[in-house]
Amino acid sequence: MNHETDVVILGGAFSGAAAGLLLKRQRPETRVLIIERATEPDRKVGESTSEVAGCFLTRVLGQFRWLSQNQLMKQGLRLWFTTPENQSFEQCGEIGPHYQSRMPTFQLDRATLDPHLLEEAVAAGCELWRPARVTTLNLGGAGENTVEVKVGDEVRLVKAKWVIDATGKVAMIARQRKTWHALTDHPTNSVWARYQNVKDLDDAMLAMKYPAYATAMPTPRGVATNHLMGRGWWCWIIPLKDGDVSLGITYDPRIFTLPEGPNQSQRLLQHVLQHPVGNYLFSEATVVEKDTRSYSQLPYYTDQAAGDGWTCCGDAAGFMDPLYSQGLDYCGHTCLASVDIVVQALNGEEVTKTVAAYNQNFTTSYFRWYRALYKDKYHYLGDQELMWAAFLLDIGTYFVGPARLVYDGGMSEWLKLPYNGAWGAGFAAFMRLYNRRLAKIAQKRYAAGVYGARNLGRRQFPKQGFSPDPKVLKIIRMGIYQWLRCEWHALWLRPKAMPLPAAAAPPTAASPAGPEPVVS
């Protein structure tokens, strides 16, 4: 069977459904076909959104009512620190906001969000084939693309003017064109699962047992994204609307390895139980069967995000690091950039320069963001003093930059992608500087044997709050002050002296010298 359409979208999850919905809203006459291979929605990782992704979901896609009724509202990000010898829950160091979040963010169950967006796209007029598998993809240029699709036992040939790749980590176009690259400079791995019977950080009995912990701040901790922090690793704890809790770890295998165990979910749980906060929350937890995932070499990118008659969006264009929950930020930016290209082309406009700008902006944004936030960051994740400086600076610059721009700048800012332009380059350079220095200080502290020495008994909550306005500059100034304090203290650090190996005893009759060396 032969079909002809304006746009074929490969993948019907978040990015594909959002792209289809936006296409039909901006250009209702567009014929859009979404090809989704899965019969049922993939639950994916329990996902936490940042403020930029929250803006995309609520102001761009218009999903605030549905999200407020069907997902959990997120109350910021909390970081928890400990030391190897500490067994006390109350002594764990803590970083997080003092007051409730001021902008909409959510704890997402993608198994309910993705099909909802797909239903919205179909209701808007998109055609959906599922379960369907792409067997052949030929990118012949605008108007000449062909896709061979197997739907059940039937093979269908589709001719499309434009193809949007929203296949996520499959990254069909990038792999086919050999433009897919692993970011080997950042070789992080990840394991995650969902657990039931997880305890609550806002439990009344816990508050009675640790009154100083309970009264330290007014904001609920349990519905925040809680991170357990360590050298070379961090764990996320994300509550979901149905009561399950997503637990995962991302780690740099050059610095950290998971403990041994019979399977990935047990290895993950065994590691988390070593942290006093993790031990409290998961001591009676049970894993949801057949719901464990693992990935090696998480970050990757394509060096060409669009071309003649095709474009990539969401994770099909690249992925970096989940630490600050910014995966959906890029999904929003790349979806809107892709839709903008396609709408212009279908309206008969010349898009060669627009495609070139998207390719350049994506590559520039990806590497500036990576070097500004994540390069070598895993060296200092487990040191609360260093992460306090990073927390203030990372989130402060995020609010004064990407978050403020999408809320105040409208559609044009979505199309630019973060950290582009002269101001973006300046902010990225500043962030790259302090991130690089904090990583160096962490390595120096580790060599001196004082890494994480101030992790216990400290609760650090910026009372000013994070907001996308000039007030956040005060938090950035606080972060600079903390960074410079760390620099000053590092001046006096010296590597810890290691004991010399004992001298070998001379050979005796009772202690033979051993075999002669063999020279080959």
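Here the structure is a predicted model, which is why all the values come from computation and not from measurement. (Residues numbered from 1 in each chain as written. Predicted model: local features only at pLDDT ≥ 70, side-chain atom pairs only at ≥ 80, totals over all residues. Heavy atoms only, no water.)

*Asks:* Can you break down the side chain of D329 residue by residue, with the values?
*Replies:* Take D329: it is sitting in helix α10 (residues 327-346). Look past the residues within four positions of D329 in its chain and what remains in contact with it is S50, V52, A53, W369, Y398 and W414. (Helix = DSSP H or I, 4+ residues; strand = E, 2+ residues; numbered from the N terminus. Contact = heavy atoms within 4.5 Å.)

*Asks:* Now, about the sheet that holds strand β7 (residues 106-108): what can you tell me, with residues and values included?
*Replies:* Overall, antiparallel pairing links the 3 strands, which are arranged β3-β7-β4 in an open sheet. Either end of the sheet is taken by a strand with one partner, and the two such strands are β3 (47-48) and β4 (72-73). Of the pairings in the sheet, the one linking β4 to β7 comprises 2 bridges and is antiparallel in character. Its bridge partner lying in β7, M73 is registered against F106. (Pairing = 2+ DSSP bridges.)

*Asks:* An account of the environment of R37 is requested, with residue identities and associated values reported.
*Replies:* Within the fold, R37 resides in the loop between β2 (32-35) and β3. The spacing of R37 and R130 is 93 residues in sequence and 5.8 Å in space, taken between C-alpha atoms. When neighbours within four sequence positions are excluded, R37 is seen to be in contact with P131, A132 and V170.

*Asks:* Hey, could you go over the sheet that holds strand β19 (residues 300-302) for me, with residue numbers and the actual values?
*Replies:* Across the sheet, 3 strands lie side by side as β12-β19-β22; this open sheet has antiparallel pairing. A strand with exactly one partner marks an edge of an open sheet, and here the two such strands are β12 (180-182) and β22 (318-319). Along the sheet, helix α11 (residues 352-373) makes contact with β19 and β22, crossing β19 at roughly 160°. (Axes fitted to C-alpha atoms, helices over the stretch in contact; angles between N-to-C directions.)

*Asks:* Go over empty space enclosed by the protein with me, naming the residues and quoting the values.
*Replies:* Once rolled over the atoms, a probe with the size of a water molecule shows which space is left empty. This structure, assessed with the given rule, holds 3 cavities of 30 Å³ or more. Considered as a void within the structure, the largest cavity measures approximately 400 Å³ in volume. If one sorts the elements of the lining of the largest cavity by residue count, helix α12 (residues 384-409) sits on top with 5 residues. Class assignment of the residues belonging to the lining of the largest cavity gives a composition of 13 nonpolar, 12 polar and 4 charged. Put simply, the second largest cavity is a space of about 120 Å³. Mapped onto the lining of the second largest cavity, the elements with two or more residues apiece are β22, α10 and α11. A breakdown of the residues in the lining of the second largest cavity according to their chemical character gives 8 nonpolar, 4 polar and 2 charged. (1 Å grid on protein atoms, 1.4 Å probe; cavity = no way out; pocket = protein on both sides within 12 Å on 5 of 7 lines; lining within 4 Å. Points joined across faces, edges and corners; volume = space filled by probe spheres on them. Nonpolar A, V, L, I, M, F, W, Y, C, P; charged D, E, K, R; others polar.)

*Asks:* Talk me through helix α1 (residues 14-26); I want residue IDs and the actual numbers.
*Replies:* With 13 residues, α1 should cover 18 Å at 1.5 Å per step; its first-to-last C-alpha distance of 18 Å lies within 8% of that length. Extensive coverage of α1 is indicated by the burial of 11 of its 13 residues. All buried positions along α1 are accounted for by F14, S15, G16, A17, A18, A19, G20, L21, L22, L23 and K24. Looking at the buried positions of α1, the neighbouring elements they touch are β1 (2-10), β2, α2 (51-60), α4 (110-123), β11 (154-165) and α10. (Expected span 1.5 Å × (residues − 1). Buried < 20%, exposed > 50% of the residue type's maximum accessible area, 1.4 Å probe, protein only.)

*Asks:* Help me get a handle on the pairing of strand β10 (residues 145-151), residues and values and all.
*Replies:* Residues N145, V147, V149 and V151 of β10 are buried on one face, while the alternating residues T146, E148 and K150, pointing to the opposite face, are not. Where strand β9 (residues 132-138) lies against β10, 6 bridges are found, and the strand directions are antiparallel. Its bridge partner being in β10, N138 is matched across the sheet by T146. Hairpin connection between β9 and β10: a loop of 6 residues separates the two successive antiparallel strands, and G141 in this loop has a positive phi of roughly 105°. Taken together, the 7 bridges between β10 and β11 define a ladder with antiparallel strand orientation.

*Asks:* Please set out the environment of R494 residue by residue, giving values where relevant.
*Replies:* Within the secondary structure, R494 sits in the segment after α15 (472-490). On the accessibility criterion, R494 (56% relative accessible area) is exposed. Measuring from C-alpha to C-alpha, the distance between R494 and R445 comes to 8.4 Å, with 49 residues separating the pair along the chain. Side-chain polar atoms of R494 contact the backbone oxygen of L491, separated by 3.2 Å. (Polar contact = N/O pair within 3.5 Å; in protein donor to acceptor, adjacent residues only side chain to side chain.)

*Asks:* An account of the pattern of salt bridges is needed here, citing residue identities and associated values.
*Replies:* Here the structure, examined in full by the defined rule, presents 21 salt bridges. Across the pair R445 and E385 runs a salt bridge, and its minimum N-O distance is 2.7 Å. Separated by 60 residues along the polypeptide, R445 in helix α14 (residues 421-448) and E385 in helix α12 bring together distant segments of the chain. When sorted by exposure, R445 lands in the same class as E385, which is buried. A salt bridge links E413 to K416, with the nearest nitrogen and oxygen atoms 3.3 Å apart. Within this pair, E413 and its partner K416 are both found in helix α13 (residues 411-416), separated by 3 residues, close to a single helical turn. For K416, a relative accessible area of 41% corresponds to the partly exposed category. Within the structure, one salt-bridge network assembled from shared partners comprises R78, E94, R221 and R459. (Salt bridge = Lys/Arg side-chain N within 4 Å of Asp/Glu carboxyl O.)

*Asks:* Just give me the short version of the nonpolar core, but keep the residues and values in it.
*Replies:* Counting residues in hydrophobic clusters, the biggest one holds 128 residues, and the most contacted among them are I9, L23, I35, F56, V147 and M387. In contact with V147, other than residues within four places in its own chain, are V8, I35, V134, T136, L137, R156, L157, V158 and V163. Residues C92, V245, I249 and L269 belong to the second largest nonpolar core, which totals 29 residues. (Core = buried A, V, L, I, M, F, W, Y, C linked by side-chain atoms within 4.5 Å.)

*Asks:* Give me the packing of α12 against α14: which residues, what numbers.
*Replies:* The N-to-C vectors of α12 and α14 enclose an angle of 170°; their axes lie 11 Å apart at closest approach. Considering the angle they form, α12 stands roughly antiparallel to α14. Contacts from E385, L386, A389, A390, L393, D394, T397 and V400 in α12 reach F427, F430, M431, Y434, L438, I441, A442 and R445 in α14. Considering only residue class, the contact of α12 with α14 consists of 12 nonpolar, 1 polar and 3 charged. (Parallel < 35°, antiparallel > 145°, perpendicular 65-115°, else oblique.)

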